[in-house]
Amino acid sequence: PAADLVNYLHDGRAHVRANAATALGTLGPAVAGAAIPIGVLMRDDDMKVRIQAAWALDKLGDDAVRAAAEYLVGALRGDADVGAAVAPVLAARKGKVLSALLKGLETDDEPHARRILGVINALPDAPEILCDAIESPAENVQVNAAIGIGMLGEKRAASAGRKALETRRTGGFARTREAVFKALAMWKG
């Protein structure tokens, strides 16, 4: 039964944890209640375990991904292969995981932020999302939102993106101002 498989998620052997996650994933949405125990594996020391956990969460469905979204966003940090496995799982859920993605922008880890921005920028309403995010009182969110607007490009960010950047060229946090100039430079590219 599924309860036995959940117990194996805590096994001391990486291959057993990975196989348990895979087995739970094959059971699909019927075991969506296992989302959090599988989500915890997104912090596992073993890259293969994290990749299998991402696959399993994807197979458990939208509700499971939403429940474990913060774990998935956290797993975008670090290993590129894990990030490549996690990003499409999040991207497929679009707005259902948006709050976890925005919370993830509180990072000062630049590669992590860029992976999160890659998922956000795939959303059709990315310009609006990032223009709202740059209004955050949190410095890291402002910095990352500015870079995200720059990544969108001038055409996609449109006048709202330009205005959001230009109003932050002076005052506020020094890091935000630096990020705004980087973002504008991306457009000149």
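That block above? That's the structure.
Here is what the cut-offs are and how they apply
- For every chain, the first residue of the written sequence is number 1, and numbering continues from 1 along that sequence.
- Since the coordinates come from a predicted model, pLDDT governs what is reported: local features require at least 70, and pairs of side-chain atoms require 80 or more to be given and counted, while whole-chain, interface and lining totals use all residues.
- Based on all heavy atoms of the structure, the side-chain values leave hydrogens and waters out of the count.
- What we call a nonpolar core is a set of buried Ala, Val, Leu, Ile, Met, Phe, Trp, Tyr and Cys residues that are connected through their side-chain atoms within 4.5 Å.
- Classification of residues uses two cut-offs on accessible area relative to the type maximum, computed with a 1.4 Å probe and protein chains only: under 20% is buried, over 50% is exposed, and between them is partly exposed.
- To qualify as a helix, a DSSP run of H or I must reach at least 4 residues; to qualify as a strand, a run of E must reach at least 2; elements of each kind are numbered from the N terminus.
- Whether two residues are in contact is decided by their heavy atoms, any of which lying within 4.5 Å being enough.
- The salt bridge criterion pairs a side-chain nitrogen of Lys or Arg with a carboxyl oxygen of Asp or Glu, the two atoms within 4 Å.
- The method works on a 1 Å grid over the protein atoms by themselves. A cavity is a set of points holding a 1.4 Å probe that cannot get out, a pocket is an open set with protein on both sides within 12 Å along at least five of seven lines, and residues with an atom within 4 Å of a point line them.
- Grid points are joined across faces, edges and corners, and a volume is the space filled by probe spheres set on the points.
- All residues other than Ala, Val, Leu, Ile, Met, Phe, Trp, Tyr, Cys, Pro, Asp, Glu, Lys and Arg, Gly among them, are scored as polar; the first ten of these are nonpolar and the last four charged.
- Residue count minus one, scaled by 1.5 Å, sets the expected span of a helix.
- This arc describes the spread of directions from the helix axis toward the C-beta atoms.
- Here a polar contact means two N or O atoms within 3.5 Å. Within protein one must be a hydrogen donor candidate and the other an acceptor candidate, and residues neighboring in sequence count only if both atoms are side-chain atoms.
- Bend, at a single residue, is the angle you get between axes fitted to the 7 residues ending at that residue and the 7 residues starting at it.

### A closer look at the nonpolar core
Okay, so step 1: Judged by nonpolar contacts, the single largest core of 60 residues is most densely connected at Ile38, Leu57, Leu72, Val86, Leu90, Ile149 and Leu165.
Okay, so step 2: Take this core: its biggest share by element is seven residues, from helix α11 (residues 139-152).
Okay, so step 3: Setting aside anything within four residues of it in sequence, one finds Ile149 in contact with Leu130, Cys131, Ile134, Ala157, Gly161, Ala164, Leu165 and Trp187.

### A short note on the pattern of salt bridges
Okay, so step 1: What the rule picks out here adds up to 13 salt bridges.
Okay, so step 2: Salt-bridge contacts for Glu135 lead to Arg168; the nearest nitrogen and oxygen are separated by 2.7 Å. With Glu135 in the loop between α10 (126-133) and α11 and Arg168 in the loop between α12 (154-166) and α13 (174-188), the pair connects residues that are 33 residues apart, well separated along the chain.
Okay, so step 3: Given a relative accessible area of 54%, Glu135 falls into the exposed group.
Okay, so step 4: A cluster of three or more residues bridged by salt bridges with shared partners is formed by Asp58, Asp62, Arg93 and Lys96.

### Section: unusual backbone geometry
Trans is the common state for peptide bonds, and a negative phi is the common state for residues other than glycine.
Okay, so step 1: Despite not being glycine, Lys94 shows a phi value in the positive range, around 40°.
Okay, so step 2: Within the fold, Lys94 resides in the loop between α7 (80-91) and α8 (98-104).
Okay, so step 3: If you check the backbone angles, Ala158 has positive phi at about 60° while not being a glycine.
Okay, so step 4: Note that Ala158 resides in helix α12.
Okay, so step 5: For Ala158, a relative accessible area of 38% translates into the label partly exposed.

### Points about the layout of surface pockets
Okay, so step 1: The calculated volume of the largest pocket comes to roughly 230 Å³.
Okay, so step 2: As for the largest pocket, its lining consists of 13 residues, and the residues nearest its centre are Glu110, Val143, Ile147, Arg175 and Lys182.
Okay, so step 3: Looking at side-chain class alone, the lining of the largest pocket contains five nonpolar, two polar and six charged residues.
Okay, so step 4: A volume near 150 Å³ is recorded for the second largest pocket.
Okay, so step 5: Of all the elements in the fold, those that place two or more residues in the lining of the second largest pocket are α6 (69-74) and α8.
Okay, so step 6: In terms of residue count, α6 provides more of the lining of the second largest pocket than any other element does, four residues in total.

### Thoughts on α7
Okay, so step 1: Compared with an ideal rise of 1.5 Å per residue, which puts 12 residues at 16 Å, α7 spans 16 Å between its outermost C-alpha atoms and is within 8% of the ideal.
Okay, so step 2: Taken together, the buried positions of α7 are occupied by Val82, Gly83, Val86, Val89 and Leu90. For α7, the angular spread of buried residues about the axis comes to 130°, placing them on one side.
Okay, so step 3: Two or three places before Asp81, at the start of α7, stands the capping residue Asp79, its side-chain oxygen 2.8 Å from that residue's backbone nitrogen.

### Regarding the environment of Leu105
Okay, so step 1: Counting through the fold element by element, Leu105 comes out in the loop between α8 and α9 (110-121).
Okay, so step 2: Excluding anything up to four places from it in sequence, Leu105 contacts Ala113, Ile116, Leu117, Ile120, Asn140, Val141 and Asn144.

### Re α12
One turn of an α-helix holds 3.6 residues; hence residues three or four places apart share an orientation.
Okay, so step 1: Here α12 contains 13 residues, and its C-alpha end-to-end distance of 12 Å is more than 12% below the 18 Å for a straight helix at 1.5 Å per residue.
Okay, so step 2: At Ala160, α12 shows its maximal kink, close to 65°.
Okay, so step 3: Among the residues of α12, Ala157, Gly161, Ala164 and Leu165 are the ones counted as buried.
Okay, so step 4: Elements in contact with the buried residues of α12: α10, α11 and α13.

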